[in-house]
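The lines below spell out each chain.
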Amino acid sequence: MSTIKVDTVKNRSSAINLPNNFKIGGLNIIQGYTSSGSEPGSPSTGDFWWDSSNEKLYRYINGEFKEISITSSVANYGDRGFVFGASGTSNANRIQYVSLTSAANSADFGDLTVGSNESAACSSGAKAFRMAGHDGSGTKQNVIESWTTSTLGNATDHGDLSATCYYSHGNSDGTTGICVLGRSGSDSTYLNTIDQFPMASAGNSTDFGDLTYARAYGGSVVNVATARMVNFGGYNATDPYYHKDCDYITITTAGNAVDFGDLIKLNHYCVGAGSGSGDRGLQLGGMARVLPSGGAYTDEIQYIDISTLGNATDAGNLLTANGEHAAGMNTATHGFKAGGYASSTNYDTIQRTVLATGANATDWGDILTASYDVTGTSGNPS
């Protein structure tokens, strides 16, 4: 074997020029690099191409350019959606699942440890979690339970929240579960409490911090890469009752929430979806305040960019005006809303929209029973 040792290279800007690459045994040792808006011609094995039109990096392998991407091993979503709970006591313990990659109706997955409505949810990708709620007859809950997303079966107990509560919402960075408690066991009491718990091992929640103000009926989105969780709107006993304020926390650092911006309108029964593999979070429908009093169900889809503080922007419309507690889910690229209620009608529709660009929703399929007070999340099917 021959060895070449170089101690010093002088005049590097002009002295070295290897237009045909440096080869040993006919193979390129130094790969070529091209930055262009179209695929380069006559590449050699190992060459890199920066697609300047789409800001993607490719490498020439086995006769074609293959995209190089770096993805986090931690996620809070997957391609299998879950919808659980139901209004009243009928089917309140049922977990149903649906493919989020090919349009389909939901099917039975298993059962919760106890029937529940108006719960919160989150996911680690491999496990889905249900938090809080009530049993349909008025008994409030502090339970945290979980199930493996890839295997049909029943949920098991994971631990307890710091208080019984309902009309809560949750999310995660894939490692730590978060529950915003919402309303307490007393119907007139709204909470600002944020709980956290480990997702990898069973255990009770601990205090994380406080919202900027006490409220329930909210929703949330998380960017896993930055661990930022944004909480949407909500409702409390203080005029104007409905709220459009949004605040955020960083899940990796316990502390109180900070103002983020506002929704387009005063809104509650919020349903968040996102951010998937990007930075965009969606708020889907709900009930908007109609001044001077009362509210009206809305079909608005609005978006935020989670990394940038600011107000929400219109992103399209749901198939119908749709509120009450409904199930939000997402994949890397799409957001979903299942179930809901408006104008004395329970809905069984699963609706899909695009995370990155925003778009009007399309019909994806149906859940097993038209219902509201359902909750949703997503995880890996295998």
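Structure shown above.
Predicted model only: the values in this text are computed from it and were never measured. (Residues numbered from 1 in each chain as written. Predicted model: local features only at pLDDT ≥ 70, side-chain atom pairs only at ≥ 80, totals over all residues. Heavy atoms only, no water.)

**Student:** Help me out: how do you make sense of the overall build of the protein chain in this one?
**Tutor:** The secondary structure content of the protein chain amounts to one helix and 34 strands. Put simply, the protein chain has 382 residues, and 51% of those count as buried. (Helix = DSSP H or I, 4+ residues; strand = E, 2+ residues; numbered from the N terminus. Buried < 20%, exposed > 50% of the residue type's maximum accessible area, 1.4 Å probe, protein only.)

**Student:** In this structure, what is going on with the side chain of Arg289? I would like to understand it.
**Tutor:** Within the fold, Arg289 resides in strand β25 (residues 280-289). One buried charge, Arg289, has no salt-bridge partner; the nearest side chain with opposite charge is Asp239, at 4.2 Å. Aside from chain neighbours lying at most four places away, what touches Arg289 is Asp239, Pro240, Tyr241, Tyr242, Leu266, Gly294 and Gly295. (Lys, Arg positive; Asp, Glu negative; His and termini not counted. Salt bridge = Lys/Arg side-chain N within 4 Å of Asp/Glu carboxyl O. Contact = heavy atoms within 4.5 Å.)

**Student:** For this particular structure, what's the right way to read the sheet that holds strand β8 (residues 94-99)?
**Tutor:** The strands making up a sheet associate through hydrogen bonds between their backbones, and the pairing can be parallel or antiparallel. Taken together, four strands build an open sheet; the order of strands is β9-β8-β7-β34 and the sheet is antiparallel. Lying at the two open borders of the sheet, with one neighbouring strand each, are β9 (107-111) and β34 (375-379). Averaged over all pairs of adjacent strands, the angle between their axes in this sheet comes to 30°, without regard to strand direction. Pairing analysis gives four bridges linking β8 to β9, with the strands arranged antiparallel. Residue pairing in the sheet places Arg94 in a bridge with Asp111 of β9. (Pairing = 2+ DSSP bridges. Axes fitted to C-alpha atoms, helices over the stretch in contact; angles between N-to-C directions.)

**Student:** Would you mind going over the environment of Ala121 with me for this structure?
**Tutor:** By the secondary structure assignment, Ala121 is in strand β10 (residues 120-123). Spatially, the C-alpha atom of Ala121 lies 9.7 Å from that of Glu145, the residues being 24 residues apart in sequence. Here Ala121 is in contact with Phe84, Phe129, Met131, Gly170, Asn171, Thr375, Gly376 and Thr377, once residues within four sequence places are set aside.

**Student:** Help me understand the pattern of salt bridges, please; the structure alone is not making it clear to me.
**Tutor:** Two side chains that carry opposite charge are able to pair once their charged atoms sit near each other. Applying the stated criterion to the full structure yields five salt bridges. Salt-bridge contacts for Asp247 lead to Arg215; the nearest nitrogen and oxygen are separated by 3.0 Å. One end of the pair, Asp247, is in strand β22 (residues 242-250); the other, Arg215, is in the loop between β18 (206-210) and β19 (219-223), and 32 residues separate them in sequence. Taken as a pair, Asp247 and Arg215 share a single burial class, namely buried. The residue Lys265 makes a salt bridge to Glu300 at a minimum N-O spacing of 3.3 Å. Taken as a pair, Lys265 in strand β23 (residues 258-268) and Glu300 in strand β26 (residues 295-305) lie far apart in primary sequence, 35 residues in all.

**Student:** Mind showing me how you'd approach the packing of aromatic side chains here?
**Tutor:** For any two aromatic rings, the description comes down to two numbers: the centre-to-centre distance and the angle of the planes. This structure, assessed with the given rule, holds 20 aromatic pairs. Ring centres of Tyr235 and Tyr242 lie 5.5 Å apart, and the angle between their planes is 65°; this geometry places the pair in the edge-to-face category. Judged by its relative accessible area of 9%, Tyr242 falls in the buried class. In this structure an aromatic cluster arises from ring pairing among Tyr166, Tyr167, Tyr190, Tyr217, Tyr235, Tyr241, Tyr242 and Tyr269. Sitting over the face of the ring of Tyr213, Arg215 holds its NZ or CZ atom 4.3 Å from the ring centroid. Across the ring face of Tyr303, the terminal group of Arg280 is positioned such that the distance to the ring centre comes to 3.7 Å. (Phe/Tyr/Trp six-rings, centres within 6.5 Å; stacked < 30°, edge-to-face > 60°. Lys NZ or Arg CZ within 6 Å of the ring centre and 35° of its normal.)

**Student:** Help me out: how do you make sense of the sheet that holds strand β15 (residues 176-180) in this one?
**Tutor:** Read across the open sheet, the four strands follow the order β14-β15-β17-β18; overall the sheet is antiparallel. The outermost strands of the open sheet, each flanked by one partner alone, are β14 (169-172) and β18. Adjacent strand axes in the sheet meet at a mean angle of 25°, parallel and antiparallel pairs treated alike. As judged from the five bridges shared by β15 and strand β17 (residues 193-198), these two strands associate in the antiparallel manner. Counted as the bridge partner of Gly177 is Phe197 from β17.

**Student:** I would appreciate a short explanation of the nonpolar core in the present structure.
**Tutor:** Most often, soluble globular proteins have nonpolar side chains that are buried together. Met131, Leu161 and Phe197 are the most contacted members of the largest nonpolar core, which has 13 residues in total. Put simply, the parts of the chain that give this core at least two residues each are β10, β11 (127-131) and β13 (156-166). The residues touching Met131, leaving out its near neighbours within four places in the chain, are Ser119, Ala120, Ala121, Cys122, Val143, Ile144, Leu161, Gly170, Ile178, Cys179 and Phe197. (Core = buried A, V, L, I, M, F, W, Y, C linked by side-chain atoms within 4.5 Å.)

**Student:** Mind showing me how you'd approach unusual backbone geometry here?
**Tutor:** Apart from glycine, the bulk of residues carry a negative phi angle, and the bulk of peptide bonds sit in the trans form. Put simply, Asp239 and Pro240 share a cis peptide bond, and its omega is 15°. Among the structural elements, Pro240 can be located in the loop between β21 (234-235) and β22. Positive phi, normally seen in glycine, also occurs at Glu118, with a value near 55°. Examined against the element boundaries, Glu118 turns out to sit in the loop between β9 and β10. Within the chain, Tyr241 stands out as a residue other than glycine whose phi angle is a positive 70°. One can find Tyr241 in the loop between β21 and β22. On the accessibility criterion, Tyr241 (35% relative accessible area) is partly exposed.

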